[in-house]
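# Structure assessment
Spelled out from the first residue to the last, the chains are:
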Amino acid sequence: MVAAEAILRLMPPIDLSSIPPRPVTRFAPSPTGYLHLGHVANAVWTWGVAQATGGRVLLRIEDHDRGRCRPEFERAIVEDLEWLGLVPGGERRVLRQSDQDRAYGRAVLHLGRQSPVYACQCSRADVAERMRADGQEAWDELRYSGTCRALRLAPADGLGLRVTLGEEPVEFDDLRLGPQRQTPALQSGDLLLRDAAGNWTYQLCVAVDDTRQGVSLVIRGEDLLASTGRQIMLATRLGRKNPPRYLHHPLISEPSGRKLSKRDGASGVRELRAAGQSPETVLGEAAYRTGLIPAPRRLSAAELGSLF
Ligand code: GLU
């Protein structure tokens, strides 16, 4: 018997019929730490939908933030994926964002030909302070009010770069969450493209990479839903005609009193491996905890397509 609680949490089936044939999707971890169950859940959804639709999964290492990423985490991610039995496809097997400097630089020039790109001296603390002064809550996300837009600072080391956004909304149809309408100018304000430390930002890198890699389907956790309108807006400005389809999946929920490993709360793939768990148990747990199966069971990488 399956617990009522589990049935309530079970996902309604996702209609994949509107996905373009043989989609190209991607698994895009940031090597700022080891893989954990949240990443495994994303992998289960990504490889599962790719298998179910005849698509393939590209591996992209999102190491745009040079201060936080470490090569040993990248190696560990690749090794843990292999252990799970998840094989990326594509000719260039791995795209590393730290190798794409020229592409991001060109994209910023392209964006700047359409609407002003300007240097910005505001720190995150400055933006938060300004929001408070304007009577806005800063707990959700920081919204830049455009303080430096009129200053015409010369771009320089130690300054960020932002692109001016118009107030037009962006609409897209999420495969799980349905029609969405977002207005990036009201959510984030003018987007940061490069930070004061000289790192290209997540939003820019993803918009550029998804376009250059021909990604037609983006599958990621719903914590990234708010970024999607921005990425579509940037990609459109960069000349992309058809944005990817999007599927934002649920985040891992807490198990009801069960523990996967002896160590309380362990969710790192390395820890689970060290505790003697099998890849099938770990994949099954991630599927269960994102509502794909009503009760935990062993799942092999080759079976993931049957969940969709
Ligand atoms: N690199 C991001 C992360 O690890 C994922 C980005 C994306 O899927 O767009 O959370």
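In this text the structure is predicted, and so the values were computed from the model without any measurement. (Residues numbered from 1 in each chain as written. Predicted model: local features only at pLDDT ≥ 70, side-chain atom pairs only at ≥ 80, totals over all residues. Heavy atoms only, no water.)

## So, the overall build of the protein chain
- Within the protein chain one finds 10 helices and 10 strands.
- Its C-alpha radius of gyration of 20 Å places the protein chain within 12% of the 19 Å reference for a compact globule of 308 residues.
- Its C-alpha atoms give the protein chain principal-axis dimensions of roughly 65 × 40 × 35 Å.
- Counting contacts in the protein chain only where the partners sit at least 6 residues apart, residues at least 24 apart contribute 78% of the total.
- Just so you have it, the protein chain exposes about 15100 Å², and 51% of that area is on carbon and sulfur atoms.
- In the protein chain, which carries 41 positive and 37 negative side-chain charges, the distance between the mean positions of the two groups comes to 4 Å. (Helix = DSSP H or I, 4+ residues; strand = E, 2+ residues; numbered from the N terminus. Rg over C-alpha atoms; globule rule 2.2 N^0.38 Å. Contact = heavy atoms within 4.5 Å. Areas by Shrake-Rupley, 256 points an atom, 1.4 Å probe, with all protein chains shown as cover. Lys, Arg positive; Asp, Glu negative; His and termini not counted. Charge placed at Lys NZ, Arg CZ, Asp CG, Glu CD.)

## Describing the packing of aromatic side chains
- Tallying each qualifying case throughout the model produces five aromatic pairs.
- Pairing Phe27 with Trp47 gives two aromatic rings, centres 5.5 Å apart and planes at 55 degrees, and the pair type is tilted. Here the residue Phe27 occupies a position in strand 1 (residues 24–27), and Trp47 occupies one in helix 2 (residues 37–53), the gap between them amounting to 20 residues.
- We classify Phe27 as buried; its relative accessible area is 1%.
- The exposure class of Trp47 is buried, given its relative accessible area of 6%.
- Look at Tyr34 and Phe73: their rings are 4.9 Å apart centre to centre, the planes differ by 90 degrees, and that puts the pair in the edge-to-face class. A residue pair is termed long-range when its members are at least 10 positions apart, and Tyr34 in the loop between strand 1 and helix 2 and Phe73 in helix 3 (residues 71–84) qualify at 39 residues.
- Accessibility expressed as a relative area gives 42% for Tyr34, which makes it partly exposed. (Phe/Tyr/Trp six-rings, centres within 6.5 Å; stacked < 30°, edge-to-face > 60°. Buried < 20%, exposed > 50% of the residue type's maximum accessible area, 1.4 Å probe, protein only.)

## Examining the site of the ligand
- Close to the ligand lie Arg26, Ala28, Pro29, Ser30, Glu62, Tyr202, Arg220 and Leu224.
- Taking Arg26, its side chain carries an N or O atom lying 2.8 Å from an oxygen atom of the ligand.
- Tyr202 is positioned with one of its side-chain polar atoms (N or O) 2.8 Å from an oxygen atom of the ligand.
- Surface burial for the ligand is 77%, taken as the share of its 300 Å² of free accessible area covered by protein chains.
- When grouped by side-chain class, the residues that make up the shell around the ligand number four nonpolar, one polar and three charged. (Near = heavy atom within 4 Å. Polar contact = N/O pair within 3.5 Å; in protein donor to acceptor, adjacent residues only side chain to side chain. Nonpolar A, V, L, I, M, F, W, Y, C, P; charged D, E, K, R; others polar.)

## A look at the nonpolar core
- Formed by 39 residues in total, the largest nonpolar core has its most connected members in Val40, Val44 and Leu86.
- The set of elements that each furnish at least two residues to this core consists of helix 2, strand 2 (56–61), helix 3, strand 9 (217–221), helix 9 (269–274) and helix 10 (279–289).
- Counting residues per element, this core draws most heavily on helix 2, at nine residues.
- Beyond its immediate chain neighbours, meaning those up to four positions away, Leu86 contacts Ala43, Trp47, Leu81, Leu283, Ala301 and Leu304.
- Tyr104, Leu193, Trp200 and Leu234 belong to the second largest nonpolar core, which has 28 residues in total. (Core = buried A, V, L, I, M, F, W, Y, C linked by side-chain atoms within 4.5 Å.)

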